[in-house]
Each structure stands twice: as structure tokens, then as C-alpha cells.
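For reference, the chains in residue letters:
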Amino acid sequence: MNLFEQQNTEFIRRHIGPTESETRQMLKAIGESSLDALIDKTVPGGIRMEGALNIPPSISEYEYLQLIKDISLKNKVYKNYIGQGYYDTITPSVILRNIFENPGWYTQYTPYQAEISQGRLESLLNFQTMVSDLTALPLTNASLLDEATAAAEAMTMFFNTLNKDHDHISRPKFFVDNDTFPQTKDVLVTRGVPVGIEVVFGDYRTADINEQYFGALVQYPNDKGAVEDYRDFINKVHQTGAYVAMATDLLALTLLTPPGELGADVAFGSAQRFGVPLGFGGPHAAFFSAKEDFKRSIPGRIIGVSIDAQNNRALRMALQTREQHIKREKATSNICTAQALLANMAAMYAVYHGPDGLKNIAKRVTVLTNALAEELEAEGFELLHKNFFDTIVFKVPNAEVIRTKAESAQINFRYYGDNLVGISLDETTTLSDVLDVLLLLDQPNDHSVAGFGVSEDAVLYNIPNSLTRTSHFLTHPVFNSHHSETEMMRYIKQLENRDLSLNTSMISLGSCTMKLNAASEMIPLSWQHWSKMHPFAPISQTEGYKQITDELSQYLCEITAFDACSLQPNSGAQGEYAGLLVIRAYHASRNEAHRNVMLIPISAHGTNPASAVMVGMKVVVVKALENGYIDVEDLKAKAEQHSANLAGIMITYPSTYGVYEETVKEITQIVHQHGGQVYMDGANMNAQVGLTAPGLIGADVCHLNLHKTFAIPHGGGGPGMGPICVKEHLARFLPGHVSLGNVHSAIGNGTPINVQHAVSAAPYGSASILLISYAYIRMLGAEGVRKATEYAILNANYMRSRLEGQYDILYTNHNGECAHEFIVDLRPFKKSAEIEAEDVAKRLMDYGFHAPTLSFPVPGTIMIEPTESEDKSELDRFCDAMLSIREEIRAIEEGKADKKDNQLKNAPHTQHVVINSNWNHPYTREQAAFPLPYVRENKFWPNVARVNNTYGDRNLICTCEPVSSYVEAEA
């Protein structure tokens, strides 16, 4: 390889951890002569891919950054007044640099291990407090995927509350006001139809709500910008025993009477305009708040206040048993994720500006909107509404003439049809922008800035007194303390220091693939030609994004051996749902809508059965054998039994137990013989890329977790992306979108498709983070993506070989090899030493590590997945920690250590506990805090001791408590 070829492959060496010499040492430890030999013994020959992937060769990081800059310039950044739920915003630089661009915030995992997640838990509690205060509803979750899917979650929650028996639905109807965002209406239809919900659109003023309705939805301000008083309507709905959800805008709520005070049961919307870039549709945090009555059924995660083992205040994810993937087929939603990184940005935006700052931003927006409205009315334009916040709609003689003039001036308005034009102002709008709009609309050039009523005490004539907010919000000190950049920077750093992320140590989570999120993959996300694009901008302005989505779709089809791709689903669970909708639509197109039985192995991820229930399918569980494989005989019997109604099967490959099942082709054939389709969960694609593919194995549809295999960071619990790839016969059933005329543009071969409704609010989901996966594929190239898979397998088998003998490894193939992950059985220690799997997980924190996946898919075990990104020294540190913990357990087994008072039962050990003069444990402080020499070099101190989960659930507090409670906790 010459010097220039070497430069083109530099990223492969930087992404993959082990060097050539380390690779040889690791293979020797495993007992294999070469990497090829290990792969041959691990991946069954019958499913192997012939030849290399047809994707471009690798390029250097420098070359990639030049390429992506050139592509970005194909996007045209116009001044956007489109609105429709997406608004330009000013991300404070201190938040952009210290959160959005900071691996200490974007590489954290979901806070299931609360003791090493206190920083982002604190920030998410701030988010919940912000939402609760602004909406005036007491119960809030830690964010959802987007506004439209949040609407669907509200609808589903109401439906399940009033229709306990889904086989006999007594209240099937859900009313949606006509003036709701089009993308929200689209997703409501998608989610309602499969479960028997009848979505009824109409005018809330004249709607006849009776006992057949379980709920209603209105928008505030609405789709045309009008601020309506819904009190009478809400009372009318409540009189029938039904519920009301209100889509709303957090910035508007600083000035408007909040939904909770109007009587709404749920408020939801998007927190995007609180400092989160447009990004062509995402990622953005949706918010969702509700009355206390819904605390057992509210979707998503709730951050709650509890105490730790020392009785100090500690945070955790509360009421986890209501998380949908734990409920499996009894789930009412499949949401088990959030948009934590973006929720944290929105929360910090509120912390930085405070209540007065937010109110001033809102006033500036609405005063400018009112000034614009008055000028247009004075010139004879007819406004649709007198009461508004940031959006006005007016009639013009010819909207196309306006559109042509506006676009030639690099301005985008919204066009409703019927010659109605909408203008939505935002935080970035200036006085001169308003003058530009007036000049564009052929108004006389005699406007002076002084002519606008924009004093600090400007009267808000456009907001009626009856809907003017009088209640206080964001009164907690956290929103009134950090307003200088110095204070804000230190507050963000203080919280970051309480969290373990990938810039601390490896996070070896089985099934979750916490791999390197390379800086060169991340950098372009901040560039304005990517970040400032509105998802509903004219396609002539978005050619850069079109190139990325087209090429990425093509690469993902090649990698999966499928024919078409939809990039719309904005989480793995959304991908599952979208894939199952495709299967459902396919059967319906063949007059086989009765096919509604989905076979799901007992080992499947919990969201699989939850997703199947959401598309109206009946779940039939398939047994597993002792070795973790799917029981083929049981599968045959159940496929035969349900042959007439079989919709398909959901499988994960390699299996969730970390093994490539040799029987997989037989499994897919059995399902096809009985008329079913094969859905593959792509959670474990990191063990397939370049070696095999879902399309080769016999799958018909597969979702891909781009936040796992394709390097999008987890962000402390989101963002994610879950695009689906399908065989040609399913292509026409992929999701559509109202902004694309319900035609999915990612089908490159021009296949005509049926009109399908959307699954997410934006046509390409969280489009801006697709750049990360695009970068990953381009910089690794065909050779690199295959090597990534091979090294994921090597690293896992090396760790397995080091831990074998001291721990029982549960499942391996007939050669004794695992795939890219393996399960360590900790159950024997419960009997021998009274040590639980949780004790091992917490003790790992003292060694500077996040625990592997705990008790999934087998209770009492841990599942370890090192990824290809970790070098041998880091793998060894983790193995050394596990072997040292084994010796600590052995000391208990042999009676040398106390069964109740030992390093594991008391883990994790905080700095406060270790330096306290009241140390009275039978082991030393050094054994507690510095159990191995490497820990001294890079000690990560857990911020709290072991969290008391039961206390937090019995005393549910999900907003910032009064300051007095912090003082009491410390005392």
C-alpha cells in the first residue's frame, strides 16, 4: 500500500481499536490462527456473502470533510417563515459548544445505571420542570420522538384508558380539529387505524361529541396561527367522560394561558424552538405532560427524585415497570426511548434565558408579528384571524405570484391553497426582516423602524385578555441563577462530571452497541447548510439533503441485500412499527387482511411484541431451546396451527443470545411456506455488515438502528434513527408523507407506491443525523465496514476467552465461539455468596466502568458487547475488573468476607463515603475505591451511592423540588 492509499484508509485504523500486533495476541488467546479462521468458525457458511459490498472505497477524514462541505452547499438556506411546527432558533454558543458538540454529553447511554448518570438526569428533571411549569400540568416525561408521534401517544393513552377490552371497543372515536398541523393528522391516522380507532376530523366549534368518543385533540395556537379559547369545548368533551389533548408551543405559553389552566388533560408539542437547530426535521425533543391520573399509563421515560443508600437525594428513571418493552405484548405503546440530548439542550436554553428571558423572546416575536399584521391590514390584505402569537394567514389575489417573488428574494412562506399565505416569525426574525417582507408584498417603501410598536412595554393587542397568562413559571432557582456565560459553562461542566460516557471508558452494552462516534462524523451537524434547513422547504432548495438521503438509502440497501429503503422512522421502535405496517399493508393488498398472527421468539427484544400489538397483530410466542436457539419444532407447529392467519415472524440475527443460528434459513422458509413475511430486527447488524445480510438469510423487511451499527451517538437516551429496508415486493408500502404528496422519494428505481401515511412528523425523520451514518460508510468504505464486523466478533471472543473458566458463558455455537456479544451467567453467585447481578453492575462503577446490559435477555446475567472500536488495553482493563470482582465474590464464598458488608453489596462507593471519618467496613478504603492499579490513573467517582428505587416509586416527584428539600437531604 503506497503512502496515498494509506491516507485513504486512515479512518479504518482510527475507528477499529486493535492494532495488527494486538490482533495476533488476541487470536492466540482465543486459539485461532487468523481472523479469517475465527470468522469461518463463527458465521455459518450457508449464509455468507459472496464478494465485497458494492459501496465506494474508503476516503480520508480530510477528504470526507471537503466532500460533505461541497454537498452541503447544494442546500439553499433561505429565510424561512414556513412554521408548521418548525422554527429557526438561536442556539446559545455556550450550549452548542458544551452540549451539542461535546462527547461528554452525546456519547452517554440511557440512564439505566442511575448512579453514574446523575448529571443528565438532573438536566432531564429540569426539562420536565420546564414543561410542567409552562403547560401547567403536573406529570411530565423526559421527552418523546416528535410532535406528531406525541399526539399519537396521547390518543392511544386516552383510547386504552376508556377501552379496556380491545375486542369489544365501546368508544372508538377520536376527534381532531381541522386546524391541526397536517403531519400530525397524518400520523394520527397511521396509528389509529390498526387498533380500531376512528379518527374524525372537524371544526371544534360545531363538533357533536357524544359517548362514542374517547377523546379530542386541538392545537393552540392552531395550524393557521389562531389563538382560540377552547374552555367551552373542553367542558363539552369532559361532560361525555372523554379526554382532551392540546398540541401547543412552549414559547407561546410564556404569554398564553397554559393548557392545564384551560382544563386540558394532556399537553404536547415540540421543544425544538428552545435552541435546537431545524436540521431538516430533527432530531428534536417532543414534550408531553398530563394530569396525575395518567401516571401509570403516560408513555416514555419519567425522571424521578429518590434517595440513595446514604439517604442523600438521588435521581433515577421512575416507574420503570410501566416502560413498554418490559410489558411486551401487554404494551399499549412501543416507546422505550426519548430525545435526551435535545431535551437537555432545550432545558439548558430555559436555564440560560430564565423566565424573563423567555418571555422577552416571545414578546419580540409576537410584537413583530402584530406589527406586520397591522401593516398588511392597512394595505388592504384580509387577515384570517385577529388573535395570534407568531403566525398570520392572509388572502392574496394570486399565491403563485407571491411564491415566485418570495423565492427569488430567498424567502419561504407557507402556502395553504385557496390563495392563502402564511407567515410564521421566530426568534431569529429582525425588524429589517419584517421590512423585507413588506417590501416583497409590494407595500410602499415608507416604513421606518420607529413606526413599529416595539417598546419593552408594548401592549400585546393580538392576544386577548381572556387568554393572557397570569400564572408564574420557572420559579425554581435553577432557572434564575445561570445567566452569565461563565455560570452556564460551569453548570454544564458540573453536570457532565457526574456522568460516565464514552470519553471516560468503554460501555460494553450487549444489544446496544456503544461504538465510537468519530469527531469527523459529528462536525458537519453544526454547519448552517445542514442545521438551518426547514423540513418543508421546497425540494429545489434541499438538493444536498436529497443527495445524502438517496446515497445513504442505496448503501443501506446494498448492505442489507434489499431493494428499497425508508429513512423516516426516527427510532428503532419506530422502525419496527413501520416495518410491521408494511407487512400489514402487503397482506391487505392481496385481500388477506385477516393475516394478523405474528410469531415472536421468547428471546426477542421487548419492543418486538409491543410493536406487533400496535399494528393490531396477535402475538404468538415461539419457544427457545436450552442453547438459546429458536425451537424449530415449536415454530413449525405454530406456523402450521396459524397458517391461515399467519402474518409473519420477528427475529433478531444473530440471536439476542449472541449466536448465529445455523437454522435461520430453515426458519425463514417455514414462515414463507405458510404465507408469512419475515421481519428482522436489525439490533445486531453490527455482526452482519459485509459478512452476511438480512436479504440473504430470507428476511423481507429489516429495520436498522443507526445509533448502534452506524455510529449515531446515543445522546444519553436518544436521538436514534431506525430506517427500514425491504424487498421489492414490499417497496410500494413504505411510509409516505404529506409534504411529499405522500410519495416516498427514497425508492430510487421509480417504483410507484400506494399512498401510505407517515410514521414520523418529518419526511426523513431526524434527517440531520443521517449525515453521521453517511460519514461512517464513506470513510470506512466497503473494506472498513466489513472489518468493523470482523473486529466486533474478535473483540467479543477475546473477552469471552479471558472470562471463561472464572464465569459461566451461557451460549456459544458448536465451535465454542460467540458472535459480537456474549452472556455471562451471574446466577450461581446468588446461592454461593448472596450476590446478585445488580451487585456486580454497581461494583463495576468503582472500577470506572458502566455495567454491560443487565438481566436481558436472561434474568440474573450480563450481556457484554465490546464493539470494534475498543483496543486490547481497554478490553483487558474491563476483563481485569471482572476477574477482580470474581475474586471478591470468591472471598465471600470462602468466608473471608462478610456476606452483608462487602465491596459488592455497598457498591458504588462515593468520594464522600470513602473520605468520611466514620469508615467502619471490614475492607479498606483502598479496596473500595482503588481496587486495581489502573483505577488510580483515571478514577471516575459515582456522584451518589446505590439508588433506592422503591422509595422513588412510592414518592413520585418528577419536577425540581423546592430548595429546602436539597438542604434537608444534605443535612
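The coordinates are above.
Source: prediction; values computed, not measured. (Residues numbered from 1 in each chain as written. Predicted model: local features only at pLDDT ≥ 70, side-chain atom pairs only at ≥ 80, totals over all residues. Heavy atoms only, no water.)

Draft legend 1. Structural context of the environment of H353. Relative to the assigned elements, H353 resides in helix α14 (residues 340–378). Assessed through its relative accessible area of 25%, H353 is described here as partly exposed. Each C-alpha atom, one on H353 and one on A207, is 40 Å from the other, the two residues being 146 residues apart in sequence. Leaving out residues up to four positions away in the same chain, H353 has contacts with P92, L358, I361, E427 and H483. (Helix = DSSP H or I, 4+ residues; strand = E, 2+ residues; numbered from the N terminus. Buried < 20%, exposed > 50% of the residue type's maximum accessible area, 1.4 Å probe, protein only. Contact = heavy atoms within 4.5 Å.)

Draft legend 2. Up close: the pairing of strand β15 (residues 420–424). By the criterion of burial, β15 is predominantly enclosed, with five of the five residues buried. What you see with β15 is no split at all: L420, G422 and S424 on one side and V421 and I423 on the other are buried throughout. With five bridges joining them, strand β12 (residues 391–395) and β15 adopt antiparallel strand pairing. Among the inter-strand pairings, F394 is bridged to a residue of β15, identified as V421. (Pairing = 2+ DSSP bridges.)

Draft legend 3. Seen up close, helix α3 (residues 20–30). Among the residues of α3, E22, T23, M26, L27 and I30 are the ones counted as buried. One face of α3 carries all of its buried residues, which in axial projection span an arc of 135°. Exposed positions of α3 whose direction lies more than 90 degrees from the buried face are R24 and K28. Next to the buried residues of α3 lie α4 (35–42), α26 (770–803) and α29 (872–893). Of the residues one or two after α3, G31 is the one with positive phi, at around 95°. (Arc of directions from axis to C-beta.)

Draft legend 4. View of unusual backbone geometry. A cis amide bond links Y653 to the next residue, P654, at an omega of -10°. Examined against the element boundaries, P654 turns out to sit in the loop between β19 (646–652) and α24 (664–673). A positive phi angle, close to 55°, is found at D418, a residue other than glycine. In this fold, D418 is placed in the loop between β14 (414–417) and β15. Residue classification places D418 among the exposed positions, given a relative accessible area of 72%.

Draft legend 5. Here's a closer look at the nonpolar core. One finds F127, M130, F274, F413 and L556 to be the most contacted residues of the largest nonpolar core, which totals 229 residues. The dominant element in this core, judged by the number of residues it contributes, is α14, at 20 residues. By size, the runner-up hydrophobic cluster in this structure holds 42 residues, among which are A151, A154, A318 and A761. (Core = buried A, V, L, I, M, F, W, Y, C linked by side-chain atoms within 4.5 Å.)

Draft legend 6. Local environment of the environment of L376. Take L376: it is sitting in helix α14. For the pair L376 and L441, spaced 65 residues apart in the sequence, the C-alpha separation amounts to 8.7 Å. Discounting chain neighbours no more than four positions away, the residues touching L376 are F381, I392, F394, L438 and L441.

Draft legend 7. Molecular detail of the pattern of salt bridges. Overall, the coordinates contain 49 salt bridges when judged by the stated rule. The salt bridge involving D88 is made with K532; its shortest N-O contact spans 2.9 Å. Remark: K532 occurs in the loop between α19 (528–531) and α20 (543–560) and D88 occurs in the loop between β1 (79–80) and α6 (93–100); sequence separation between them is 444 residues. Note on D88: relative accessible area 16%, which makes it buried. What you see here is one network of salt bridges that share partners, running through R802, K872, D876 and D880. (Salt bridge = Lys/Arg side-chain N within 4 Å of Asp/Glu carboxyl O.)

Draft legend 8. Here's a closer look at α20. Helix length check: α20, at 18 residues, gives a terminal C-alpha distance of 26 Å against a target of 26 Å (1.5 Å per residue), a fit within 8%. Of all 18 residues that make up α20, 13 are buried, and the element is covered over most of its length. Where α20 terminates, the next one or two residues include A561, which has phi positive at roughly 60°. (Expected span 1.5 Å × (residues − 1).)

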